[in-house]
Amino acid sequence: MQFRYQYRLYPDGEQRLALARLFGCVRVVFNDALERTTAVKASNKLLGPPQARIAQGPYQRVPKNVDLSRELIAQAKRTPQRQWLAEVSAVPLQQALRDLDQAWRAHQDSRAGKRQGAKVGAPRFKSRKDHRQSARFTANARWKITDQGKLSLPKIGEVKVKWSRSLPSPPSSVTVIKDAADRYFASFVVQSDDAPLPETENEVGIDLGLGHFAVLSDGTKVDNPRFLRRAEHKLKKVQRALSRKTKGSNNRAKARVKVARAHARVADCRREFHHQLSTRIVRENQAVYVEDLCVRGLGRTKLAKSVHDAGWSAFVHMLEYKAARYGRAFARVDRFLASSQTCHVCWVVDGPKPLHVRQWACRACQTIHDRDVNASRIVLAAGRKLAPGREAES
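Below is a short write-up of the structure. (Residues numbered from 1 in each chain as written. Predicted model: local features only at pLDDT ≥ 70, side-chain atom pairs only at ≥ 80, totals over all residues. Heavy atoms only, no water.)

## A closer look at the overall build of the protein chain
Heads up, the rule is: Helix and strand labels come from DSSP, where a helix needs a run of H or I of at least four residues and a strand needs a run of E of at least two; each type is numbered from the N terminus. Each residue is placed in one exposure class: buried if its accessible area under a 1.4 Å probe, protein chains only, is under 20% of its type's maximum, exposed if it is over 50%, and partly exposed if it falls in between. The sign given to each residue is positive for Lys and Arg and negative for Asp and Glu; His and the chain ends receive no count. For the purpose of locating charges, the reference atoms are NZ of Lys, CZ of Arg, CG of Asp and CD of Glu.
When helices and strands are counted, the protein chain shows eleven helices and 14 strands. Counting only C-alpha atoms, the protein chain reaches 85 × 60 × 50 Å along its principal axes. Counting every position in the protein chain, which comprises 394 residues, the buried fraction comes to 42%. Taking the 74 positively charged and 37 negatively charged side chains of the protein chain as two groups, their mean positions are separated by 9 Å.

As structure tokens, then:
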């Protein structure tokens, strides 16, 4: 199984200039290749279906990566307009062509119905005003981690790295990223074997919510930290300061970075909370079951800000891949399951209830239920039916 390990980079002034030059060259090569392929695809589209292309006009072959690399990198370096491409490593430029090829393939598979999920549009041109820039180095770029713990990149130098943890295996590639908050990161791709944890008899169903972030079937309630709500005062302050700055000025650029850093701090806190909670749940339980919520639909309601602040999708994704890595069972139950209407004692469907009703009594067995705890136990029972090799429970 492949994983990404991300670490903070601290380049000096000259290395920042070299990285900016590298990001710019990657962007130019990507845009040149996109312009070249888009023109050919548009010309072929005008010819109609494949059966009519021979009769109506010549069909142009879409250039492959080898042709684009020869034309846009090797030959372009010898021209006065693109001679500065020789100042950076050629490997990230070739990786930009692979990224474009993958983007076209994803778009075509999405149109043909071969790709699940939301529709993927055609690739778009990159802008120098994009606040997130990246460049990928593969093994043939001859980058390395020095004995002093620095990251040595070709034509950039040895960059200081903040190692928060050790790599489990030698990485196959590294991607240098600059985010909107003007921070630099190194993202390593490593191959790691599964590490099954000792088996346990505990199983858990999880009901995600807004009052409490998660309610477990054993009665545990995890408070919702509401990171965005807590940071709204500071965000409002820096955003107002940004709106007062003149467009195009250096002060506006500095204010934009302050806004980006405030948002990055919120995202980092939320991600750390998700990691800690998901790791604890996976370690303590042999099977994890969670409701398959329609976050996109909930994000269009009046609760949109609170829904996105909770980050349910990211948390469920962490549970899924950590369960696969550590040898745990994981399942998503049907989103249309009436978990808030069904009594987990006698299994009578008691009917819908408004959100302000947090406790209710079953009309059949008169059991008083906590709405969220009862829902998590219904999710647990439904998940056991989905798990292979388990007996169905009524």
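## Focus: unusual backbone geometry
The backbone of K155 sits at a positive phi, close to 65 degrees, despite the residue not being glycine. Among the secondary structure elements, K155 is positioned in the loop between β4 (151-153) and β5 (157-162). Positive phi outside glycine occurs at D182, with the angle close to 60 degrees. Within the fold, D182 resides in the loop between β6 (173-178) and β7 (184-191). By relative accessible area, D182 is classed as partly exposed at 25%.

## Some thoughts on the packing of helix α7 (residues 250-284) against helix α10 (residues 312-325)
In plain terms, the rule: Helix axes are fitted to C-alpha atoms over the stretch in contact, other axes to C-alpha atoms as well, and angles between N-to-C directions run from 0 to 180 degrees. When an angle is under 35 degrees it counts as roughly parallel; over 145 it counts as roughly antiparallel; between 65 and 115 it counts as roughly perpendicular; any other value is oblique. By definition, any crossing whose near helix is turned counterclockwise from its far helix by less than a right angle is left-handed, and any crossing with a clockwise turn is right-handed. Residues count as neighbours in contact if any of their non-hydrogen atoms are within 4.5 Å of one another. Each residue gets one label: Ala, Val, Leu, Ile, Met, Phe, Trp, Tyr, Cys and Pro are nonpolar, Asp, Glu, Lys and Arg are charged, and the others, such as Gly, are polar.
Two numbers describe how α7 lies on α10: the axes approach to 9 Å, and their chain directions differ by 40 degrees. It follows from the interaxial angle that α7 and α10 lie oblique. Relative to α10, α7 is oriented so that their crossing is right-handed. Here α7 contributes R271, H274, H275, L277, S278, T279, I281 and V282 to the contact with α10, which in turn contributes A314, F315, M318, L319, Y321, K322 and A323. By residue class, the composition of the contact of α7 with α10 is nine nonpolar, four polar and two charged.

## A look at the pairing of strand β1 (residues 2-10)
Applicable threshold: Two strands qualify as a pair provided DSSP detects at least 2 bridges between them.
Pairing analysis gives eight bridges linking β1 to β7, with the strands arranged antiparallel. Counted as the bridge partner of Q6 is S187 from β7. When β1 meets β5, the two strands line up antiparallel, connected through three bridges. Note that in β5 the partner of R8 across the bridge is K162.

## Considering a positive patch on the surface
Put simply, the rule is: Each patch is built from salt-bridge-free residues with over 30% relative accessible area, joining like charges within 9 Å and nonpolar side chains (Val, Leu, Ile, Met, Phe, Trp, Tyr) within 5 Å. Accessibility throughout is a Shrake-Rupley quantity obtained with a 1.4 Å probe, and a residue counts as covered only by protein chains that appear here. Each salt bridge in this description consists of a side-chain nitrogen of Lys or Arg and a carboxyl oxygen of Asp or Glu lying within 4 Å of one another.
Together, K234, K237, R261 and R265 make up a region of like positive charge exposed at the surface. Of all elements in the fold, only α6 (232-243) and α7 reach the threshold of two or more residues within the positive patch. In this fold, R261 is placed in helix α7.

## Here's the deal with the sheet that holds strand β12 (residues 329-333)
In sheet architecture, strand pairing relies on hydrogen bonds along the backbone and comes in two forms, parallel and antiparallel. In spatial order, the strands read β10-β9-β8-β11-β12; together these five strands make up an open sheet with mixed pairing. Looking at strand neighbours, the two that pair on one side only are β10 (221-223) and β12, the edges of this open sheet. The average undirected angle you get between the axes of adjacent strands in this sheet is 20 degrees. Relative to β10, strand β9 (residues 212-216) is paired through three bridges, and the arrangement is antiparallel. Within β10, the position partnered with A214 by the bridge is V222. Strands in contact with helix α11 (residues 371-386) are β8 (203-208), β9, β10, β11 (287-291) and β12; relative to β8, the strand with the most contacts, it is inclined by about 125 degrees.

## Here's the deal with the sheet that holds strand β2 (residues 133-138)
The seven strands lie next to each other as β2-β6-β7-β1-β5-β4-β3, forming an open sheet whose pairing is antiparallel. Of all strands in the sheet, those with a lone pairing partner are β2 and β3 (144-145), marking the two edges.

## Let's talk about the nonpolar core
Stated precisely, the cut-off is as follows: Side-chain atoms within 4.5 Å link the members of a nonpolar core, which is a set of buried Ala, Val, Leu, Ile, Met, Phe, Trp, Tyr and Cys residues.
By size, the foremost hydrophobic cluster in this structure holds 41 residues, and its most contacted members are F137, L151 and L153. In terms of residue count, helix α1 (residues 13-45) provides more of this core than any other element does, ten residues in total. Of all hydrophobic cores here, the second largest spans 32 residues; its members include A231, L235, A310 and W312.

## Some words on the pattern of salt bridges
Inspection of every chain in the model, using the stated rule, returns 21 salt bridges. One salt bridge connects D67 with R61, and the closest N-O pair in it is separated by 2.9 Å. With relative accessibility at 53%, the residue R61 sits in the exposed group. For K305, the salt bridge goes to E232, with nearest N and O atoms at 2.9 Å. Placement of the pair is K305 in helix α9 (residues 304-310) and E232 in helix α6, with a sequence separation of 73 residues. K305 sits in the partly exposed class, given a relative accessible area of 42%. Beyond isolated ion pairs, a larger network of salt bridges with shared partners links D179, R183, D268 and R271.

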